[in-house]
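Structural overview for review
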Amino acid sequence: MDMGTRCWARWMALRLAHAWLFPQEPAGPGHLLQVRPSGRPLCAGLGEQRVEGVRTHRGDRQHPEPRLCPQVRPRLLLRGEAKPALRCDFLGQAFVALGEVIGSQRGRLERPLTGVPGKRCGTILLLAEELSNCRDIVTMQLCANKLDKKDFFGKSDPFLVFYRSNEDGTFTICHKTEVVKNTLNPVWQPFTIPVRALCNGDYDRTVKIDVYDWDRDGSHDFIGEFATSYRELSRAQSQFTVYEVLNPRKKCKKKKYVNSGTVTLLSFSVESEFTFVDYIRGGTQLNFTVAIDFTASNGLPSQPTSLHYASPYQLSAYALALKAVGEIIQDYDSDKLFPAYGFGAKVPPDGKISHQFPLNNNVDNPSCAGIEGVLESYLQSLRTVQLYGPTNFAPVINQVAGIAAQVTDGSQYHVLLIITDGVISDMLQTKEAIVTASSLPMSIIIVGVGPAEFEAMEELDGDEVRLSSRGRYAERDIVQFVPFRDYVDDSGNQVLSMARLAKDVLAEIPEQLLSYMKTRDIKPRRADPE
């Protein structure tokens, strides 16, 4: 297992060439393409995909251009780029495997659309092109001057659409700028795009740029176009480059036509896109810390109904989660020493409630030797402490955050695994602790075990809404929450359950590490020669 590093060697661009929809009309403005994984894996790790065509109702122009498929990795299910518009008519669907498209002649695959009983839905043509391994990222900024006026009551609301040329001479949208309202001299915000998305690593491949005037109903007015290449754009690193915006129709109709304005490339810079593996090879150490819930809601460890109960034949849910995550992450930790804590229990000798007690009973050195050492200390603690409550996360988060704050140069990165069964008792303090920790080199994995509802955990996992506390927002999303029950194999295969859990629970760690390094402008060190 590769810990979700997402460092696949090959990338494929899958795009819609044409979709002839009933009544035999090419897909155009107002038509969307949606791609959904079917969940039925095929051979070689490729997934079958369902491609759906939908048509927006008149006046519902949230996506005015034809919707194109996103980049996909051969060993990863294709991901849809966006949700469809709110009010849509279903036009048809086709089931295809990525391998079918790649293996078809010249990478072109035509399939009939089905799904509407008693009707012919048309056909869809998909094309695939292998993307280069170029890892450079371009940041550029453009402005325009004296663009054509398109709005009757105002000026224009210009935006740019970038197209990458394909091997067959067609073009694919690869970027759209924001709209700048009511001006003929817009200055667009700087934006970043991978070189492979812009030109697939071919520096002389044509890049076409269209200039549009935005309209609320989606019928955007074409102002003009110009063409360039990566090589030509890169010259702007030393000088401004000015392009004439030309409208072919106007040029044919008007003898004195000069242009529809100009676009100037203000800045252009290139930097390499570093990967998780680059930092690990450069010496970044992952430091793994464990925190286990010892509250009474887990049930008496001696009873089979307890979430801490371990029979002679199988591990407890806590032990399974610990092994699933720990056995992967320990490979990235050179000393294999893992601090391990418990929370929510009365601990000997005085029976005081603790939310941060070392599982090995050594306050000065809470580290355990390897995951087996953590498991051994965990089982020993179950025999010596009294499960109690409440469920407080903040103390152990602050403990790890304090250690992470000592070294922030990118040489150390901390991962805290919290395994719990219930609702957080100190939600406000936990949110405050996470917001503070979001600026530090650390990530937090929360695995929920048992049948409880975990709505509060979803709030901490800031995938949808950025976590905030007392008016402060988290600098990064550093929390990943998963309910263990979603990964339990129906046949009782614990190895399969652990593999499923580890894959998803560790998937965000590489991106979270990279986000920290990028915000601090920390580049990976050169790996020592062997």
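Preceding this paragraph is the structure being described.
Read on for a plain summary of the structure. Everything numeric in this text was worked out from a predicted model, so none of it was measured. (Residues numbered from 1 in each chain as written. Predicted model: local features only at pLDDT ≥ 70, side-chain atom pairs only at ≥ 80, totals over all residues. Heavy atoms only, no water.)

**Quick notes on the side chain of T172**
Position of T172 relative to the elements: it lies in strand β11 (residues 171–176). Among the polar contacts made by the side chain of T172, one reaches the side chain of N166 at a distance of 2.9 Å. (Helix = DSSP H or I, 4+ residues; strand = E, 2+ residues; numbered from the N terminus. Polar contact = N/O pair within 3.5 Å; in protein donor to acceptor, adjacent residues only side chain to side chain.)

**A short note on the packing of helix α6 (residues 317–329) against helix α7 (residues 370–384)**
Axes are the key here: two packed helices are described by the angle between their axes and the distance separating the axes. Between α6 and α7, the least distance of the axes is 10 Å, while the angle of their chain directions is 160°. Considering their axes alone, α6 and α7 lie roughly antiparallel with respect to each other. Between α6 and α7 lies a crossing whose hand is right-handed. Two secondary-structure elements touch here, α6 through Y318, A319, L322, K323, G326 and E327 and α7 through I371, E372, V374, L375 and Y378. Residues that form the contact of α6 with α7 fall into these classes: seven nonpolar, one polar and three charged. (Axes fitted to C-alpha atoms, helices over the stretch in contact; angles between N-to-C directions. Parallel < 35°, antiparallel > 145°, perpendicular 65-115°, else oblique. Left-handed = near helix turned anticlockwise from the far one by under 90°. Contact = heavy atoms within 4.5 Å. Nonpolar A, V, L, I, M, F, W, Y, C, P; charged D, E, K, R; others polar.)

**Section: the packing of helix α8 (residues 394–404) against helix α9 (residues 427–437)**
Where α8 contacts α9, the axes come no closer than 9 Å and their chain directions differ by 15°. Our classification of the angle between α8 and α9 gives roughly parallel. In the crossing of α8 with α9, the sense of the turn from one axis to the other is left-handed. Residues A394, I397, N398 and A401 of α8 touch α9, and the partners they reach there are Q429, T430, A433, I434 and A437.

**Quick word on a negative patch on the surface**
On the surface, a cluster of negative charge is made up of E453, E455, E458, D463 and E464. Considering the arrangement of structural elements, one finds E458 in helix α10 (residues 455–460). (Patch = residues over 30% accessible without salt bridge, like charges linked within 9 Å, V, L, I, M, F, W, Y side chains within 5 Å. Areas by Shrake-Rupley, 256 points an atom, 1.4 Å probe, with all protein chains shown as cover. Salt bridge = Lys/Arg side-chain N within 4 Å of Asp/Glu carboxyl O. Lys, Arg positive; Asp, Glu negative; His and termini not counted. Charge placed at Lys NZ, Arg CZ, Asp CG, Glu CD.)

**So, the pattern of salt bridges**
Taken as a whole and judged by the stated rule, the model has 12 salt bridges. Among the salt bridges present, the one from K323 reaches E372, with a minimum N-O distance of 3.4 Å. Highlighted residues: K323 in helix α6 and E372 in helix α7, separated in sequence by 49 residues. A salt bridge links R520 to E475; the nearest nitrogen and oxygen atoms lie 2.7 Å apart. Of this pair, R520 sits in the segment after α12 (509–519) while E475 sits in the loop between β27 (472–473) and β28 (479–483), and the two are 45 residues apart along the sequence. E475 gets classed as partly exposed once you look at its relative accessible area, which sits at 36%. A single network of salt bridges, built from pairs that share partners, joins K208, D210 and E225. (Buried < 20%, exposed > 50% of the residue type's maximum accessible area, 1.4 Å probe, protein only.)

**A closer look at the pairing of strand β18 (residues 337–343)**
Judged by how many residues are buried, β18 sits mostly within the fold: six of seven residues are covered. Pairing between strand β17 (residues 285–293) and β18: four bridges, direction parallel. The residue of β18 that forms the bridge with A291 is Y341. As a crossover connection, the stretch from β17 through α6 into β18 is right-handed. Where β18 and strand β22 (residues 367–369) come together, three bridges link them in antiparallel fashion. Pairing of F338 across the sheet is with C368, part of β22. For β18 and strand β21 (residues 357–358), the ladder comprises two bridges, and the chain directions are antiparallel. Of the residues in β21, the one forming a bridge with Y341 is P358. (Pairing = 2+ DSSP bridges. Right-handed = clockwise from strand over helix to strand, strands pointing away.)

**Side note on the side chain of N287**
Assignment of secondary structure puts N287 in strand β17. Within the local environment of N287, its side chain forms a polar contact with the side chain of Q412, the two groups lying 2.7 Å apart. Every residue in contact with N287, bar those within four places of it in the chain, is listed here: D333, Q412, Y413, H414 and V415.

**Thoughts on the packing of aromatic side chains**
Per the stated rule, a full pass over the model turns up 13 aromatic pairs. Ring centres 5.7 Å apart and planes at 20° place the aromatic pair F159 and Y212 in the stacked group. Here F159 is found in strand β10 (residues 158–165), whereas its partner Y212 is found in strand β13 (residues 206–213), with 53 residues between them in sequence. Judged by its relative accessible area of 5%, F159 is buried. Centre to centre, the rings of F294 and Y378 are 6.1 Å apart; their planes meet at 70°, and the pair counts as edge-to-face. Of the two residues, F294 is situated in the loop between β17 and α6 and Y378 in helix α7; the sequence distance between them amounts to 84 residues. For F294, a relative accessible area of 0% corresponds to the buried category. Cluster of aromatic residues (ring-pair linked, three or more members): F159, Y212 and F222. Taking NZ or CZ as reference, K208 lies 4.4 Å from the ring centre of Y163, over its face. The ring centre of F171 lies 5.6 Å from the NZ or CZ of K208, which sits over that ring. (Phe/Tyr/Trp six-rings, centres within 6.5 Å; stacked < 30°, edge-to-face > 60°. Lys NZ or Arg CZ within 6 Å of the ring centre and 35° of its normal.)

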